[in-house]
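Chains, contacts and geometry: an overview
Each chain, written out:
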Amino acid sequence: MQVEDFARVVMEIEKEIGRVMVGQRDIIRQTLICLLAGGNVLLEGVPGLGKTMLVRTISQVLSMEFSRIQFTPDLMPADIAGTNILSEEAGGSRHFRFQQGPVFANIVLADEINRATPKTQSALLEAMQEKTVTVGGKTRTLPQPFFVLATQNPLEMEGTYPLPEAQMDRFLFKLLVKYPGEEELASIINITTGSDSPLLKQVAGADTITAMSILAREVPVGERVLEMATRLVLATHPDSQYAPESVRKYVRYGASPRGGQALIAAGKVRALMEGRYNVAFEDITELAYPALRHRFFLNFEGEAQGLVTDELITDILQHLKG
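Residues numbered from 1 in each chain as written. Predicted model: local features only at pLDDT ≥ 70, side-chain atom pairs only at ≥ 80, totals over all residues. Heavy atoms only, no water.

**Description of the side chain of D111**
Under the convention used in this document: Helix and strand labels come from DSSP, where a helix needs a run of H or I of at least four residues and a strand needs a run of E of at least two; each type is numbered from the N terminus. Whether a residue is buried, partly exposed or exposed follows from its accessible area with a 1.4 Å probe, protein chains only, as a fraction of its type maximum: under 20%, in between, or over 50%, in that order. Between two residues, a contact is recorded if the distance between any of their heavy atoms is within 4.5 Å.
Locating D111 in the fold gives a position in strand β5 (residues 107–111). On the accessibility criterion, D111 (6% relative accessible area) is buried. With residues near it in sequence (within four places) discarded, D111 still touches T52, R68, I69, Q70, F71 and T151.

**Some details on helix α2 (residues 25–36)**
Applicable threshold: Residue count minus one, scaled by 1.5 Å, sets the expected span of a helix.
Under the 1.5 Å per step criterion, the end-to-end length of α2 is 17 Å for 12 residues, consistent within 8% with the ideal 16 Å. Every buried residue of α2 is listed here: I27, I28, R29, Q30, T31, L32, I33, C34, L35 and L36.

**So, the sheet that holds strand β2 (residues 66–70)**
Heads up, the condition is: A pair of strands is labelled paired if DSSP reports no fewer than 2 bridges between them. To get an axis, fit a line to the C-alpha atoms, keeping to the stretch in contact for a helix; angles then go from 0 to 180 degrees between the N-to-C directions.
The sheet built from five strands is open, its strands ordered β2-β5-β8-β1-β9 with parallel pairing. Whereas interior strands pair on both sides, the edge strands pair on one side only; in this sheet they are β2 and β9 (173–176). Each neighbouring strand pair of the sheet contributes to a mean axis angle of 20°, computed without reference to strand direction. Both β5 and strand β8 (residues 147–152) contribute to a ladder of four bridges, which runs parallel. Following the sheet pairing, V108 is matched in β8 by V148. On the sheet, α2 packs against β1 (41–44), β8 and β9 and is oriented at approximately 170° with respect to β9.

**Examining empty space enclosed by the protein**
Counted only if it meets this: The way it works is a 1 Å grid over only the protein atoms, where trapped points that fit a 1.4 Å probe form a cavity and open points with protein on both sides within 12 Å along at least five of seven lines form a pocket, and then any residue with an atom within 4 Å of a point lines it. Grid points are joined across faces, edges and corners, and a volume is the space filled by probe spheres set on the points. Gly is placed with the polar residues, together with every amino acid not listed as nonpolar (Ala, Val, Leu, Ile, Met, Phe, Trp, Tyr, Cys and Pro) or charged (Asp, Glu, Lys and Arg).
For the structure shown, the criterion picks out one cavity of 30 Å³ or more. Counted as a void, the largest cavity has a volume near 50 Å³. In terms of lining, the largest cavity is formed by I13, L32, L35, L36, L62, M64, F147 and I209. Tallying contributions element by element places α2 first for the lining of the largest cavity, with three residues. Across the lining of the largest cavity, the residue classes break down as eight nonpolar, no polar and no charged.

**Quick look at the packing of helix α1 (residues 3–18) against helix α9 (residues 206–217)**
This is how the line gets drawn: Each angle gets one of four labels, with under 35 degrees taken as roughly parallel, over 145 as roughly antiparallel, 65 to 115 as roughly perpendicular, and the rest as oblique. Put simply, a crossing is left-handed when the front helix is turned counterclockwise from the back one by less than a right angle, and right-handed when it is turned clockwise.
Viewed as axis vectors pointing N to C, α1 and α9 meet at an angle of 130°, and their least axial separation amounts to 11 Å. One way to sum up the angle between α1 and α9 is to call them oblique. For the pair α1 and α9, the crossing hand works out as left-handed. Between α1, through V3, F6, V9 and V10, and α9, the contact on the second element is made entirely by T208, M212 and L215. Classifying every residue of the contact of α1 with α9 gives six nonpolar, one polar and no charged.

**What to know about the side chain of S59**
Along the chain, the position of S59 falls in helix α3 (residues 51–62). Sequence-distant contacts of S59, that is, excluding residues within four places in its chain, are made with M64, F66 and I107.

**Looking at the pattern of salt bridges**
As a reminder of what qualifies: What counts as a salt bridge is simple: a side-chain nitrogen of Lys or Arg found within 4 Å of a carboxyl oxygen of Asp or Glu.
All chains considered together, the criterion is met by 16 salt bridges. The shortest N-O distance in the salt bridge between R29 and E274 comes to 3.2 Å. Residue R29 is located in helix α2, and its partner E274 is located in the loop between α12 (257–273) and α13 (281–292); the two are separated by 245 residues in the primary sequence. One connected set of salt bridges, linked through shared partners, spans R270, R276, E282 and D283.

Rendered as structure tokens:
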């Protein structure tokens, strides 16, 4: 796998996904960046914006095993990870056999993840971080590569359970799916109500994605770029010397070291997508929002002001430039 091959495969994947997904070009690219960096994605947006369709389309184009889990309040951890069941052989002997859950796939769609109870949500923690599942005292390795793409609706709060900070931190990116413009909306209506449905071709498989991920890890990071990423993460902490006044005033606590890991890992992938074999300042700046917006939290005053973390990230970037 060479840099030219990397950029070509990404272009083919984006082109094929674009046959089904109208607009949302940035969301498609950032989702692919996250997958190639070996991370998990949280897609947030109102119903009907194609979040589930995007994940399904990616799984078809990438030719990997796909599984969908519809999260509901009555879903149990065993419904995700699997369980030991009593099996009877032809001769009458009985033994326990492990029945795999839907998490045993390459791409797992966790649909409306905030509708399940915290007990069930936590069943994904080990899978997302360690790529393993432990049931009945035995640890089993999940198929590789393994990605969780979760969706949640920010409008309906009744009957939902907000993701805890520890689980939010497991997502490499949090992507905000925006409402389409007039032309995009017209195209979506035209495509989805027509008689023709595009047949997608499989562009890459698990081996290709793994090779691309290995290549991305080899991309060098300059000392100045690493310094910028480090200071960017530290600036989300209200007690840091790099924090702007808005962070000191409105932030309760800042991003964990995973924020820095996300910036660098994703920056390497973006550099290869742009045909470069080094991470640039623009990669870090571009990825600061999806990598950090869900990793630091506002205090009461910030929430009362109606602030969002994206506004504070803008302040941080301007403060560091100055």
